[in-house]
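# What the coordinates show
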Amino acid sequence: MADKDNQDYSSKEMMAIAAAREVKNGDIVFCGTGISMLAAMAAKNINAPLSTIFFETGAIDAKLEELPLAVADSRVMYGTAVNGGLAEAFATMQNRFTGSRVVGILGAAQIDIYGNLNSTAIGDYQQPDVRFSGSGGACDVASFVNRTIIFMQHEKRKFVKKLDYFTSPGWIDGPSGRQKTGLGPGGPEAVITNLGILRFDQTSRKMYLAACYPGITPEKIQQETGFAIDLSRAVEFSPPTIKELKILRERCDPQGLILN
Amino acid sequence: MADKDNQDYSSKEMMAIAAAREVKNGDIVFCGTGISMLAAMAAKNINAPLSTIFFETGAIDAKLEELPLAVADSRVMYGTAVNGGLAEAFATMQNRFTGSRVVGILGAAQIDIYGNLNSTAIGDYQQPDVRFSGSGGACDVASFVNRTIIFMQHEKRKFVKKLDYFTSPGWIDGPSGRQKTGLGPGGPEAVITNLGILRFDQTSRKMYLAACYPGITPEKIQQETGFAIDLSRAVEFSPPTIKELKILRERCDPQGLILN
Amino acid sequence: MKSAPDKVTTLKNAVSSLVPDGCHLSIGGFTINRNPMAAVYEIIRQRKKDLHLYAHSNGQGVDELIGAGCVKRLEIAYAGSGRFAPTCVRFRKAIESGQLKVEDYSNYQMTLRFMAGAMGVPFLPTRSGLGTDIIKKWGFSEELRQAETKIPEQKLVTINNPFGSWGEAPKLVLVPAINPDVTIIHVQQADKRGTARIQGLTFADVEQAKACRHLIITCEELVTEEFLRKEPDRNQIPFINVDAVIHIPWGAYPTACFRHYDYDPVYLNDYRIAAGDESRYQTYLKEKIFDIKDHQELIKQTASEHLKDLIANPETGYANGLERGGE
Amino acid sequence: MKSAPDKVTTLKNAVSSLVPDGCHLSIGGFTINRNPMAAVYEIIRQRKKDLHLYAHSNGQGVDELIGAGCVKRLEIAYAGSGRFAPTCVRFRKAIESGQLKVEDYSNYQMTLRFMAGAMGVPFLPTRSGLGTDIIKKWGFSEELRQAETKIPEQKLVTINNPFGSWGEAPKLVLVPAINPDVTIIHVQQADKRGTARIQGLTFADVEQAKACRHLIITCEELVTEEFLRKEPDRNQIPFINVDAVIHIPWGAYPTACFRHYDYDPVYLNDYRIAAGDESRYQTYLKEKIFDIKDHQELIKQTASEHLKDLIANPETGYANGLERGGE
């Protein structure tokens, strides 16, 4: 394990804390494995104690005494309010009363300027250069819920003008995109990368730079982004606090399964 | 309780036994309360030990140590294989693999020559002369399953040329009626009344008299039927045996809740 | 409100704040089992009016709400209380006299309608009802359906299967979703946050609980969160759906509550007899509901000896050998 | 057959009689939990070919069937094994090399497809997927869909809401039902007639079990009918759906089985490494599957000390403190 004093933190830790801060108290948080699960756990333990973590596999408000390595890990089944199945979990998100309270945390291989995601394939769909896992629940979450937070590695080949495969809907093609498509009004709220935070303009629904991590310039971020983004609104992001890091490391991932 | 030695039996007992004999071993039997439940219990205890009784409320293969007075009676919940809900119960009947093994036992206020049923209202639907309970699961069962058995009191006003309200589909209007309507191939198999047994012609799907109870003439049955039926195929029905009556009385309804 | 850590309140509060006149309501249970009767009586006591009621086969509770004049419109599959009233008496009278507007569906259709509401889709398909008057005859007029935003414009829609011969179903009936303003269910166990466990058959309670905007849960036992979370496989309703929790032992009485008590044949038979006669029914309403402070008082009034006979055998879940004749 | 009072058989028999080459198969579980691995290995051992496989996110089992060359076509939502293989390696290779035809759906769409099959309707509606390539791009060609009677002619169908603005959903995606020829699931407890109890999350196992023509159940514990019927609320699958029951302790190994044992991080990491290299993978197939008589022998070969580490804590249902690093 790398040496980490309180002033020192990894970009994974920064990303987990940045996402955790997006969660509001009372939110129902949908997450997958890895860093998105850490972010949800951190939020519940730091800023949103009344948030409820749930998994597409059907577990609601698990105790999570140990970090699960998959959303079907038996660790998500212990001490829950209800153990159901996929049908119930996705219905909770499609349901208009509960779905509007859900924030979904997603990741992807590619993202475009409207926050649409590809987690299926690079190249030709029929015989791709690189095949990924596929949608899983990502398309469902992105279709249903009111707000999504997206984790990305910030690289030019991942922030693209046109997705190779359109797996999960963001703002589609602009302000009336979701409405024209027949989707509900919710959509992506923030993209959290290893360099900074991007948000979507209320009018154009285009991605803009909202914050850079300490030491990262807006120009560096533009360089790593495959389309032009508005940099004018960027501020410097507040680094993780001592308390945030302590909870993340000691409560959420003491074995360093994700953070290391 | 009326005196009943082995040679003596009531028309309710005759009806319950007649219906029980229609159940084949291995059938999944859907039934409601009252005499249809007694018939299902008698079948399981006499001629179809591997049949499975299930209720629309979601109980599968209940022990039925006491006779339930409603399909939601707690007595249907004890010792079952699975306690589910209405959604699962009706899906079992709509499902093509299980539904084709279900025999449904129904009753109604009116029946027509094609075995279509009314259990909703007499007179104008908007403000009826007599209002009944409504479909409940009857329309669902009649729509889904492969075979239905119908209990009726044999009266002219109940065997009618035209139903006041068409609640549950039989053979609709003849041999291709169900197909034209979009329903599956199954339909009513027998009508068991307090006077005899009626079946449906394989070609015309019209009701005909299949058997009269001992002492009942075909002419008497025609008299009590509001439309002309073929009487030529009627035989005399074998009365309940000593064994059948003993099981019905002692095992199925020892308290005489339905039979008395 | 739904994220509050403690939702325990009184029935009086829950009904007065969440069940306004004219609201769209559904209740749990089936015929003579696990109807939320304490809540039904409280609604009657608070003289709620013009309710739009959704039911599949929730016999006793529905009939009492109708009998007390709380219900303006009803969408239902079946109004009976088993052998105690093959057709519910006040329901029958209200329709025959034209006082109650009713829209008929089948049990599965009603179940699917709640399920559609719970799933967040506008409809679900079934083959049930093709060719019948359930499709052809509408209880609610087109004008009413146009005027009322909380009722779908069509009762049912029939379509050709868009997948051709797939599934061997050439035509489908689409049933419109129901999202009640408020649903009330009675369960065996709940914790203060609202997570709930139903024992025995769930009927369509879970679908209703997830379809509604506001959910009121009454429970036989108020238990700790820790207790319910030891066996989460047995819980059906998570706290995220729940608005209010009320602890009311015997809360389903005079209907049954599996593993707790049986239905009361004496009460149910008396009810049917009273329901058949106008002046007897007014006496029933006065003596059993309006003159009574709350459900606890109703239970107290009922001789304790009599209640003892109803207590469920711990193994079978009902009262073995209970005297159930006397029609 | 489904009404037989005793359906206990061997895995060899069940697979050879109910899983013919070319059949349409689905398996239970999710990523690294409760996959019916004993059955997967037996299918591989019997060198089944040309399977048409349906999966939502059944990671490990799906990847092993693909890796062994049993699968011709795949309909799937997600092929990953959690942190052990964010994208399943043999799945990825088979698609990138063009050996495997794949049709992509989302997890909810696949769940609804099984649910539609279980419910006996040709489709179910959802809002998921509108505007995406999941709707626009078809993995299976129109020609294939026309030619194959066991595949619907359309991947998905989009319709306007026939109920207008009802449900606030102007458009719906209809997903076609799946009715597999055979489904295999692994459960914690079953009786000899086939009634089964799953502990912990059910994933989409119950929907699959009810959608299929033939159902094979493998179980950790073969228990008496009386035992299961004492608490029928906890059972999900009634015997009427079941064709064959096989008692196989550790039947989900190397995936987890809640309340019995955890996944095996060593096996899963070794698997991923082997999967990445052609010759190592052939060795894996030979040593862990083909040269092994049955699942019992695989379990025996795995050092008992090592297995002990995986045994679930009776309270939490998993192996607390299990060493899970080592990527």
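Because the structure is predicted, anything quoted here is derived from the model rather than measured. (Residues numbered from 1 in each chain as written. Chains lettered and ligands numbered in written order. Predicted model: local features only at pLDDT ≥ 70, side-chain atom pairs only at ≥ 80, totals over all residues. Heavy atoms only, no water.)

## So, the domain arrangement of chain C
Residues and elements named next belong to chain C. Structurally, chain C comprises domain 1 (11–122 + 179–310) and domain 2 (123–176). The distance between the C-alpha centroids of domain 1 and domain 2 comes to 27 Å. Listed as interface residues are 22 residues of domain 1 and, on the opposing side, 22 residues of domain 2. Both faces considered, domain 1 and domain 2 share a buried interface measuring about 1,700 Å² in area, 59% of it formed by carbon and sulfur atoms. Here R145 and E103 are joined by a salt bridge, their closest N and O atoms 2.7 Å apart. Inspection of the domain 1/domain 2 interface yields 11 residue pairs in polar contact (both at pLDDT 80 or more). Every element with two or more residues in the side of domain 1 that touches domain 2 is listed here: β2 (51–54), β3 (71–76), β4 (101–104) and α5 (107–119). Top contributing element to the side of domain 1 that touches domain 2 by residue count: α5, with 7 residues. Classifying every residue of the side of domain 1 that touches domain 2 gives 11 nonpolar, 4 polar and 7 charged. (Domains from an automatic or database assignment. Contact = heavy atoms within 4.5 Å. Buried area = accessible area lost by both parts, 1.4 Å probe. Salt bridge = Lys/Arg side-chain N within 4 Å of Asp/Glu carboxyl O. Polar contact = N/O pair within 3.5 Å; in protein donor to acceptor, adjacent residues only side chain to side chain. Helix = DSSP H or I, 4+ residues; strand = E, 2+ residues; numbered from the N terminus. Nonpolar A, V, L, I, M, F, W, Y, C, P; charged D, E, K, R; others polar.)

## Regarding the packing of aromatic side chains
Residue and element names in this part refer to chain C. All told, the structure shown has 34 aromatic pairs over all chains when counted by the stated rule. The interplanar angle of 35° and the centroid separation of 5.6 Å between the aromatic rings of F30 and F203 together place this pair among those described as tilted. Of this pair, F30 sits in the loop between β1 (24–27) and α2 (37–45) while F203 sits in the loop between β9 (196–197) and α8 (205–211), placing them 173 residues apart in sequence. This pair shows no difference in class: F30 is buried, exactly as F203 is. Relative to Y261, the ring of W250 has its centre 4.4 Å away and its plane inclined at 15°; by these criteria the two rings are stacked. With W250 in the loop between β11 (244–247) and α10 (265–275) and Y261 in the loop between β11 and α10, the pair connects residues that are 11 residues apart, well separated along the chain. Among the residues examined, W250 registers a relative accessible area of 16% and is labelled buried. One aromatic cluster is present, formed by W250, Y253, Y261, Y267, Y271, Y281 and Y284 through successive ring pairs. (Phe/Tyr/Trp six-rings, centres within 6.5 Å; stacked < 30°, edge-to-face > 60°. Buried < 20%, exposed > 50% of the residue type's maximum accessible area, 1.4 Å probe, protein only.)

## A few points about the interface of chain A and chain C
Contact with chain A, which involves 21 residues of that partner, is made by 25 residues of chain C. With both chains or domains summed, chain A and chain C bury close to 1,900 Å², and 54% of this area falls on carbon and sulfur atoms. One can count 2 salt bridges joining chain A with chain C. With its nearest N and O atoms 3.7 Å apart, the salt bridge here joins C:R193 to A:D61. Put simply, chain A and chain C have 10 residue pairs in polar contact (both at pLDDT 80 or more) between them. Elements with a minimum of two residues in the side of chain A that touches chain C: β4 (82–83), α3 (86–94) and α4 (96–99) of chain A. In terms of residue count, α3(A) provides more of the side of chain A that touches chain C than any other element does, 4 residues in total. Residues of the side of chain A that touches chain C, tallied by class, amount to 8 nonpolar, 9 polar and 4 charged.

## Some points on the pairing of β4(C)
All names here are of chain C. In the sheet, β3 pairs with β4 via 4 bridges, with the strands oriented parallel. In the sheet register, L74 faces β4, and the bridge partner there is V102. Each parallel crossover has a hand, and for β3 linked through helix α4 (residues 89–96) to β4 it is right-handed. (Pairing = 2+ DSSP bridges. Right-handed = clockwise from strand over helix to strand, strands pointing away.)

## Focus on α10(C)
Residues and elements named next belong to chain C. Across the 11 residues that make up α10, a large majority, 8, are buried. The complete set of buried residues in α10 reads P265, Y267, L268, N269, Y271, R272, A274 and A275. Looking at the buried positions of α10, the neighbouring elements they touch are α2, α3 (59–67), α4, α11 (278–290) and α13 (304–310). The backbone nitrogen of V266 lies 3.0 Å from a side-chain oxygen of the residue at the head of α10, namely D264.

## Focus: the sheet that holds strand β7 (residues 171–176) of chain C
Residues and elements named next belong to chain C. Within the open sheet, the 3 strands sit side by side as β5-β7-β6. Their pairing is antiparallel. With partners counted over all chains shown, the strands left at the sheet margins are β5 (123–126) and β6 (157–160), one partner each. In this sheet, adjacent strand axes meet at a mean angle of 35° when their direction is disregarded. Across 4 bridges, the pairing between β5 and β7 is antiparallel. Across the sheet, the residue bridging to L124 is V175, located in β7. Docked against the sheet, α5 engages β5 and β7, running at close to 145° with respect to β5. (Axes fitted to C-alpha atoms, helices over the stretch in contact; angles between N-to-C directions.)

## Some points on the side chain of D:N179
Mapped onto the elements of the fold, D:N179 is located in the loop between β7 (171–176) and β8 (182–190). At 3.2 Å, the side chain of D:N179 forms a polar contact with the backbone oxygen of D:G117. A polar atom in the side chain of D:N179 sits 2.7 Å from the backbone oxygen of D:A211. Leaving out residues up to four positions away in the same chain, D:N179 has contacts with B:R96, B:F97, D:G117 and D:A211.

## Considerations on the sheet that holds strand β6 (residues 157–160) of chain D
Residues and elements named next belong to chain D. Strand order across the open sheet formed by 3 strands is β5-β7-β6, with antiparallel pairing between neighbours. Each edge of the open sheet carries a strand with a single partner, namely β5 (123–126) and β6. Within this sheet the neighbouring strands show an average axis-to-axis angle of 35°, counted without direction. Relative to β7, β6 is paired through 4 bridges, and the arrangement is antiparallel. In the sheet register, I159 faces β7, and the bridge partner there is L172. Against the sheet, helix α5 (residues 107–119) contacts β5 and β7, and its axis sits at roughly 145° relative to β5.

## Re the nonpolar core
Core analysis: the biggest nonpolar cluster contains 325 residues, and A:M207, B:M207 and C:L25 have the highest contact counts within it. Sequence-distant contacts of A:M207, that is, excluding residues within four places in its chain, are made with A:I111, A:D112, A:I113, A:F159, A:V191, A:L198, A:R199, A:F200, A:F227, A:I229 and A:D230. Core analysis: the second largest hydrophobic core is formed by 60 residues, D:C23, D:L51, D:I184 and D:I216 among them. (Core = buried A, V, L, I, M, F, W, Y, C linked by side-chain atoms within 4.5 Å.)

## Some points on the state of the cysteines
Residue and element names in this part refer to chain A. Per the counting criterion, the structure on display carries 0 disulfides over all chains. The thiol sulfur of C252 is not disulfide-bonded, and the nearest other cysteine sulfur, from C31, lies at 11 Å. C252 gets classed as buried once you look at its relative accessible area, which sits at 1%. (Disulfide = S-S within 2.5 Å.)

## Examining the interface of chain D and chain A
Across the contact, 66 residues belong to chain D and 61 residues belong to chain A. Interface area for chain D against chain A, summed over the two sides, is near 5,000 Å², with a carbon-plus-sulfur share of 54%. The largest per-residue losses of area from chain D upon contact with chain A belong to D:R83, D:L201 and D:R324, which jointly make up 16% of the total buried on that side. For the interface between chain D and chain A, the tally reads 5 salt bridges. One salt bridge connects A:R96 with D:E168, and the closest N-O pair in it is separated by 3.3 Å. Summed over the shared surface of chain D and chain A, the number is 39 residue pairs in polar contact (both at pLDDT 80 or more). Mapped by element, the contributors of at least two residues to the side of chain D that touches chain A are α4 (89–96), β4 (101–104), α5 and α6 (133–136) of chain D. A total of 5 residues in the side of chain D that touches chain A trace back to one element, the largest contributor, which is α5(D).

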